[in-house]
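# Structural characterization, general
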Amino acid sequence: MDEKKVRESIEAFQGQVNWLKRIDDKECKEACRCCIEYFETAIEALEKQLPKKVEIWNGQATCPNCKKLYGNMVDIKQLHPASWDFEYCKHCGQRFDWSE
């Protein structure tokens, strides 16, 4: 997915959320709340499409989003080269940036 389009979509959705939060009409408050929830869900899903660097704690690779452990970086690089190339977290769907 094109990162520029993803960032533009996130910005557009966030603009809609901000606009909906400023509406002060009590009759449409529930509809606004539902729309805000839908937009925030879309934003959360789109943000997972943007690659985040894998976090390294004491030599262990973890997902930057859900913090699930993927193992020792030395092992990942040397013993399991195919693991080094997976793009997304199998637990939360966060896209990875494995660059050092």
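Reference entry: report on the structure contained in this document. (Residues numbered from 1 in each chain as written. Predicted model: local features only at pLDDT ≥ 70, side-chain atom pairs only at ≥ 80, totals over all residues. Heavy atoms only, no water.)

Check the secondary structure of the protein chain and you find 4 helices and 5 strands. Overall, the protein chain shows an N-to-C arrangement of helices and strands of α-α-β-β-β-β-α-α-β. Taken over 100 residues, the protein chain has a buried fraction of 25%. Residue pairs in contact within the protein chain that sit at least 24 positions apart in sequence constitute 47% of those at least 6 positions apart. For the protein chain, the computed accessible surface area is about 7200 Å², with 52% contributed by carbon and sulfur atoms. (Helix = DSSP H or I, 4+ residues; strand = E, 2+ residues; numbered from the N terminus. Buried < 20%, exposed > 50% of the residue type's maximum accessible area, 1.4 Å probe, protein only. Contact = heavy atoms within 4.5 Å. Areas by Shrake-Rupley, 256 points an atom, 1.4 Å probe, with all protein chains shown as cover.)

Glancing now at the sheet that holds strand β2 (residues 55-57). Spatial ordering of the open sheet is given by β2-β3-β4, a layout of 3 strands whose pairing is antiparallel. Only two strands of the sheet have a single neighbouring strand rather than two, namely β2 and β4 (69-72). Neighbour-to-neighbour, the strand axes of this sheet turn through a mean angle of 30 degrees, independent of strand direction. (Pairing = 2+ DSSP bridges. Axes fitted to C-alpha atoms, helices over the stretch in contact; angles between N-to-C directions.)

Quick look at the pairing of β4 now. Here strand β3 (residues 60-62) runs beside β4; their pairing, made up of 3 bridges, is antiparallel. Looking at β4, one finds that Thr-62 is bridged to Leu-69. Between the end of β3 and the start of β4, which pair antiparallel, lie 6 residues, with Lys-67 showing a positive phi angle near 70 degrees.

This next bit is on the side chain of Thr-62. Looking at the secondary structure, you find Thr-62 in strand β3. Setting aside chain neighbours within four positions, we find Thr-62 in contact with Val-54, Glu-55, Trp-57, Lys-67, Lys-68 and Leu-69.

As enumerated under the stated definition, the model contains 3 aromatic pairs in all. Both rings, one in Tyr-70 and one in Phe-96, keep their centres 5.4 Å apart while their planes meet at 85 degrees; by these two values the pair is edge-to-face. Separated by 26 residues along the polypeptide, Tyr-70 in strand β4 and Phe-96 in strand β5 (residues 96-97) bring together distant segments of the chain. (Phe/Tyr/Trp six-rings, centres within 6.5 Å; stacked < 30°, edge-to-face > 60°.)

Okay, the environment of Cys-92 next. Of note, Cys-92 is situated in the loop between α4 (81-84) and β5. When the C-alpha atoms of Cys-92 and Lys-48 are compared, they prove to be 8.4 Å apart, with 44 residues separating the residues in sequence. The contact partners of Cys-92, leaving out residues within four places of it in the chain, are Lys-48, Cys-63, Asn-65 and Cys-66.

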